[in-house]
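A closer look at the structure
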Protein chains: 2
Amino acid sequence: MSISTLRERLGEVADINAAIALLQWDQEVYMPPKAGPGRGQQLATLSALSHRFFTAPEIGAMLEALKGKAAALDYADARLVDVASHDYDRATKLPESFVHEFAKTQSEAYEMWVRARQDSNFALFQPLLARIVELNRRKADLLGYEESPYDALLDEFERGMTTARVKTVFGVLAPKQSALIERIMASSAQPDVRWHDQAWPIAAQWEFSEKVLRDIGYDFDAGRQDKSVHPFTTQFDVTDVRITTRLSEHDLFSALMGSIHEGGHALYTQGHDPADRRTPLLDGASLGLHESQSRMWENMIGRSLPFWKHYLPALRSQFPGQLDGVSAEQVYGAINRVSPSLIRVEADECTYNLHIILRFEIEVGLIEGAIDVAEVPEIWNAKMKQYLGLDVPDDAHGCLQDIHWSHGAFGYFPTYALGNLYAAHLFEAILRDIPGLWQQVEAGRFQALLAWLREKVHKHGRRMLAEDIVRKATGIEPGSNAYLRYIESKYGALYALK
Amino acid sequence: MSISTLRERLGEVADINAAIALLQWDQEVYMPPKAGPGRGQQLATLSALSHRFFTAPEIGAMLEALKGKAAALDYADARLVDVASHDYDRATKLPESFVHEFAKTQSEAYEMWVRARQDSNFALFQPLLARIVELNRRKADLLGYEESPYDALLDEFERGMTTARVKTVFGVLAPKQSALIERIMASSAQPDVRWHDQAWPIAAQWEFSEKVLRDIGYDFDAGRQDKSVHPFTTQFDVTDVRITTRLSEHDLFSALMGSIHEGGHALYTQGHDPADRRTPLLDGASLGLHESQSRMWENMIGRSLPFWKHYLPALRSQFPGQLDGVSAEQVYGAINRVSPSLIRVEADECTYNLHIILRFEIEVGLIEGAIDVAEVPEIWNAKMKQYLGLDVPDDAHGCLQDIHWSHGAFGYFPTYALGNLYAAHLFEAILRDIPGLWQQVEAGRFQALLAWLREKVHKHGRRMLAEDIVRKATGIEPGSNAYLRYIESKYGALYALK
């Protein structure tokens, strides 16, 4: 069985997956309201088809045969066989009856979660969450693991990462990040945000975001930006990587920062090796590494002072008269304002990880059996008090706020925080390798940064594991130190901490 | 084998076809420029899949079994079995090697046609056209026919229609339509079109077209309008029927009339019976009948005087100051101006059919062997002189102008003219059944007309043949008489003919 036959078969699956991604993209951005049920049917058919084609026994046989002669394969082919085998194993280990039960429970849990959140009544959701946890434990058993059943779940989103390693890293991070926030809140040097209280015309925001996207290197000939309720990035091919944003007249920065964030994801995808087209290698190495790309562009670049020294004049002309007398320092202060809050998706850069660590600890407890589902609200609220000093008034603002569990997704949350850690880690190496980076950013030049990311991160796609990419790019073992140095230095200065 | 199994399998094919249609729609309206080759690959994979699934031997066996017990099926199921069998027979009669050769020749012919048209050099295209004709003759042999090989080709677009019948109808039509045009050109009552020579802002045109679409009953909750180079209508489901238009600042009516035309196609599809979703019954009965719906709304309604008596005030406010002193009669005259021209896609309502008849006669001659490919330019030019009194200066303005032959499509052209004839035929019945129609149109009310079309035409989908639908709706045998009465009355009055 030749590698080219395998590539043909995987190419067919990739084409079906591209059609699925387009059906989903269209559903979020342009589909008319009545088309929902029909679209659901189309997605169900194509998803089943994609799964059926990918898990065909011939593919398994081809992969087995090729693994046997891995030494004779070139690097790209060998990586393809490895990654496809990993995906194939995961996809075939779950029997169809289990997948069916999981999907059915998901949809019931989602419906009940919507009601429970509306009524802020965890008791409504509790039995469904119990079933979701039980199914995830069975899923872990089916997939197999060495230490913790949570490892098997984590592996779906962050291949190679273990629960123990995340625990160690988060264990160092949480108390230090918590202590920093406490000091920030006690500081008298709070940023001035009153000037932002104006109406910011949508059309001008849109234009400005497209200008910034172009500047940072997003290729509009191989992508486009549209509007959607929830911003996202999607890809149909390395030549077609699309992002969406959400505009609000009362917030000058949420859409722009959203665009830069999704732009970071899209730059990653646009930078994959075209040789990996129509294969499972054409994707990010992990969700965490993907998130490192979006957050680096959003937070380290987009929320930096040099960036705003460069863009403030352009922003002023985009909003005539609205920013007179506002300095780059004021913008910098306002967009980096630290304000512990109950809701993860509204959290600032400095408090965000703590929202994640809280969820990770509860997820691991549930999956490993140390926490009972009934205890979730109580534990949630206690951790919120411990990490962010906040009292949770009700479950809608607490453990019912996220959609993820209702969708059955366990092991997803930690990748958000891992993304922040990877980003800080990579960024230290970037500042080492590009000593003039901040001068370049202040001049609106991002080519050297993008070239570094292309070479060290983007082009590898899934050919290497996330941690190996970071290790090789930086020469240092990933952990939480770089991130702590980053926030302590940035927010120490901003809030005039001793 | 139960009918529900067949419906499941056909539903799968319909879902794949919906994804194909979305990939094509996106390609025309939003796809970024670099994505072309990737999209081509995705379309090739899904098209092959759709064909493979539809022509699976199990489907053939199911259809055979169900045909055997047709008496036990209800009406909808019986119609489904008949139409699916017809499609299945056509799809399976062409061996894969033939389909492959056809596709290969198509793509070579298309490339050469582009060059030949650019250079206005028929000799370049001639050998390719000869191969296309030869392939179409083989296709007709493979599909089978009773009288003329052209019947087998026509059947793809206009099931049930025969070459002999079209010849008879066009034979009556051509000389009479030609004579009418001669009288029109000789008339001294030529319309005033000078007022139209202005710039008409694009955004206002767009808004106005959406208003008119809403008024005539196009459901924007089950569709949308976008911009594209070539206007078209597409459907992913009865709940998602989309149209496109092309805007030009120098033409106030081309986009609007295009929107009404595509809106007519879309109203047809939006009016199909939802019970036929995800089956081959959910489509127009024929291309001709589809074209009757677009042309009726565009020409009989959109180019009528009552329509403009209603819309002129709204048009005036849409283009402030630009239409002062212009009357509804002037608009009516301008948009119905008759002007024989060399190019089919620019032809007015009154000359259009003659462009089609000329092509039909050449196509039949080529397929039946009475005309040699080398003779095409000469015959084309002679017929253009005979029907429209025009001298063809070069082949780019003559037999090289259309894409259809380079795509291998023979039997498609006549459906455009059949559409005009069906439309006139149906419209006479409508005026009989809705005596107050013109008063309603003048009041901007189109509900009774749409309800008539829904009941008599739209809801049937492909359950009945086009001619049977027209026959049943009107009680009269279809032919060219209604159309001749329509243009003689309309243009006789407009051009003050005796």
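Refer to the structure above for everything that follows.
A short tour of the structure in this document, coming up.

What counts and how
Residues numbered from 1 in each chain as written. Chains lettered and ligands numbered in written order. Predicted model: local features only at pLDDT ≥ 70, side-chain atom pairs only at ≥ 80, totals over all residues. Heavy atoms only, no water. 1 Å grid on protein atoms, 1.4 Å probe; cavity = no way out; pocket = protein on both sides within 12 Å on 5 of 7 lines; lining within 4 Å. Points joined across faces, edges and corners; volume = space filled by probe spheres on them. Helix = DSSP H or I, 4+ residues; strand = E, 2+ residues; numbered from the N terminus. Nonpolar A, V, L, I, M, F, W, Y, C, P; charged D, E, K, R; others polar. Expected span 1.5 Å × (residues − 1). Contact = heavy atoms within 4.5 Å. Buried < 20%, exposed > 50% of the residue type's maximum accessible area, 1.4 Å probe, protein only. Pairing = 2+ DSSP bridges. Axes fitted to C-alpha atoms, helices over the stretch in contact; angles between N-to-C directions. Least-squares fit on C-alpha atoms with pLDDT ≥ 70 in both. Salt bridge = Lys/Arg side-chain N within 4 Å of Asp/Glu carboxyl O. Buried area = accessible area lost by both parts, 1.4 Å probe. Polar contact = N/O pair within 3.5 Å; in protein donor to acceptor, adjacent residues only side chain to side chain. Core = buried A, V, L, I, M, F, W, Y, C linked by side-chain atoms within 4.5 Å. Patch = residues over 30% accessible without salt bridge, like charges linked within 9 Å, V, L, I, M, F, W, Y side chains within 5 Å. Areas by Shrake-Rupley, 256 points an atom, 1.4 Å probe, with all protein chains shown as cover. Parallel < 35°, antiparallel > 145°, perpendicular 65-115°, else oblique. Left-handed = near helix turned anticlockwise from the far one by under 90°.

All names here are of chain B. As enumerated under the stated definition, the model contains three cavities of 30 Å³ or more in all. Estimated volume of the largest cavity: approximately 90 Å³. As for the largest cavity, its lining consists of Met 161, Arg 165, Val 166, Val 169, Leu 418, Leu 421, Tyr 422, Glu 467, Pro 478 and Gly 479. At the level of elements, helix H8 (163-186) and helix H16 (414-433) are the ones that each hand at least two residues to the lining of the largest cavity. When its residues are assigned to classes, the lining of the largest cavity shows seven nonpolar, one polar and two charged.

This part covers helix H5 (residues 96-119) of chain B. Residue and element names in this part refer to chain B. Given a rise of 1.5 Å per residue, 24 residues ought to cover 34 Å, and the 35 Å separating the end C-alpha atoms of H5 matches this to within 8%. On its buried side, H5 packs onto helix H6 (122-143). Positive backbone phi, approximately 50 degrees, marks Ser 120, located one or two places after H5.

All names here are of chain A. Within strand S3 (residues 240-245), six of the six residues are buried, which leaves it mostly tucked inside the rest of the structure. In this structure, strand S1 (residues 225-227) lies alongside S3, joined through three bridges in parallel fashion. Considered in S3, the bridge of Asp 226 is made with Thr 244. Sheet topology note: the strand S2 (residues 233-237)/S3 ladder contains four bridges and is antiparallel. Note on S3: the bridge partner recorded for Asp 237 is Asp 240. Counting the residues that bridge the hairpin from S2 to S3 gives two residues.

Reading across from one edge, S1-S3-S2 (chain B) is the order of the three strands in this open sheet, with mixed pairing throughout. Of all the strands in the sheet, the pair left with one neighbour each is strand S1 (225-227) and strand S2 (233-237) of chain B. Put simply, the sheet's adjacent strands are angled 25 degrees from each other on average, direction ignored. The strands touched by helix H2 (residues 36-54) of chain A are S2 and strand S3 (240-245) of chain B; relative to S2(B), the strand with the most contacts, the crossing angle is about 75 degrees. Across the face of the sheet, helix H9 (residues 202-216) of chain B comes into contact with S1 and S3 of chain B while running at roughly 150 degrees to S1(B).

Turning next to the relation of the copies chain B and chain A. Superposing chain B onto chain A takes a rotation of 180 degrees plus a shift of 0.0 Å along the axis, which leaves an RMSD of 0.0 Å. Read as a symmetry element, the transformation amounts to a two-fold axis. The C-alpha atom lying nearest the rotation axis in chain B is that of B:Ala19; the distance is 3.1 Å.

The final tally for this structure, using the stated rule, is 82 salt bridges over all chains. Of the charged contacts, one joins A:Glu368 and A:Lys167 as a salt bridge, the two residues approaching to 3.6 Å between their closest N and O atoms. Here A:Lys167 lies in helix H8 (residues 163-186) and A:Glu368 lies in helix H14 (residues 352-368), a separation of 201 residues in the sequence. Residue classification places A:Glu368 among the partly exposed residues on the basis of a relative accessible area of 35%. For the salt bridge of B:Arg90 with B:Glu156, the shortest nitrogen-to-oxygen distance reads 3.4 Å. Residue B:Arg90 is found in helix H4 (residues 75-93), and its partner B:Glu156 is found in helix H7 (residues 149-157); the two are separated by 66 residues along the sequence. Judged by relative accessible area, which is 15%, B:Arg90 ranks as buried. For B:Glu156, a relative accessible area of 40% translates into the label partly exposed. A single salt-bridge network, built from bridges that share partners, covers A:Arg165, A:Glu467, A:Asp468, A:Arg471 and A:Glu477.

All names here are of chain A. In this structure, Arg 278 takes a positive phi of about 60 degrees despite not being glycine. With respect to the helices and strands, the residue Arg 278 is situated in the loop between helix H10 (254-270) and helix H11 (287-301). Not every positive phi belongs to a glycine, and Ala 496 is a case in point at roughly 50 degrees. Relative to the elements of secondary structure, Ala 496 occurs in the segment after helix H20 (481-494).

Let's shift gears to the sheet that holds S3(A). With respect to topology, three strands assemble into an open sheet ordered S1-S3-S2 (chain A), the strand pairing being mixed. At either margin of the open sheet sits one strand with a lone partner, and together these are S1 and S2 of chain A. Across the sheet, the mean angle from the axis of one strand to that of its neighbour is 25 degrees, orientation sign disregarded. Running over the sheet, helix H9 (residues 202-216) of chain A touches S1 and S3 of chain A and is turned about 150 degrees from S1(A). The strands touched by helix H2 (residues 36-54) of chain B within the sheet are S2 and S3 of chain A, with S2(A) carrying the most contacts at an inclination of about 75 degrees.

Across the boundary between the two partners, chain B contributes 37 residues, which contact 37 residues of chain A. With both chains or domains summed, chain B and chain A bury close to 3,000 Å², and 60% of this area falls on carbon and sulfur atoms. Inspection of the chain B/chain A interface yields eight salt bridges. Here A:Lys34 ties to B:Asp219 by a salt bridge, and the two come within 2.4 Å at their closest N and O atoms. Scanning the region where chain B abuts chain A turns up 14 residue pairs in polar contact (both at pLDDT 80 or more). Secondary-structure elements contributing two or more residues to the side of chain B that touches chain A are helix H1 (3-29), H2, S2 and S3 of chain B. Taken together, the residues that form the side of chain B that touches chain A break down as 17 nonpolar, six polar and 14 charged.

What follows deals with the side chain of B:His272. All names here are of chain B. Here His 272 shows up in the loop between helix H10 (254-270) and helix H11 (287-301). What makes His 272 buried here is its relative accessible area of 3%. Here the side chain of His 272 touches Asp 283 through a polar contact of 3.4 Å, landing on its backbone oxygen.

The next point concerns the environment of B:Val470. Residues and elements named next belong to chain B. Residue position: Val 470 is located in helix H19 (residues 466-474). Given the relative accessible area of 0%, Val 470 is considered buried. Spatially, the C-alpha atom of Val 470 lies 24 Å from that of Phe 232, the residues being 238 residues apart in sequence. Once residues within four sequence positions are removed from consideration, Val 470 is found in contact with Leu 289, Tyr 422, His 425, Leu 426, Gly 475 and Pro 478.

Attention now goes to the nonpolar core. In this structure, A:Phe170, A:Phe253, A:Leu289, A:Trp297 and A:Trp308 are the most contacted members of the largest nonpolar core, which totals 131 residues. With eleven residues, helix H16 (residues 414-433) of chain A is the single largest residue contributor to this core. The residues contacting A:Trp308, other than those within four sequence positions of it, are A:Phe208, A:Phe253, A:Leu256, A:Met257, A:Gly302, A:Leu315, A:Ala328, A:Val331 and A:Ile335. In terms of nonpolar packing, the next biggest core, distinct from the first, is built from 129 residues, B:Leu129, B:Ile181, B:Ile216 and B:Ile260 among them.

Residues and elements named next belong to chain A. Taken together, the side chains of Tyr 110, Val 114 and Ile 403 present a nonpolar region at the surface, about 200 Å² in accessible area. When you line up the elements, Ile 403 lands in the loop between helix H15 (376-388) and H16. Judged by its relative accessible area of 31%, Ile 403 is partly exposed.

Residue and element names in this part refer to chain B. Viewed as axis vectors pointing N to C, H16 and helix H18 (residues 447-456) meet at an angle of 120 degrees, and their least axial separation amounts to 11 Å. Compared by their axis directions, H16 and H18 come out oblique. For the pair H16 and H18, the crossing hand works out as right-handed. Residues Leu 426, Ala 429, Ile 430 and Asp 433 of H16 lie in contact with H18, whose contacting residues are Leu 449, Trp 452, Leu 453 and Lys 456.

The analysis is restricted to geometry; functional conclusions fall outside its scope.
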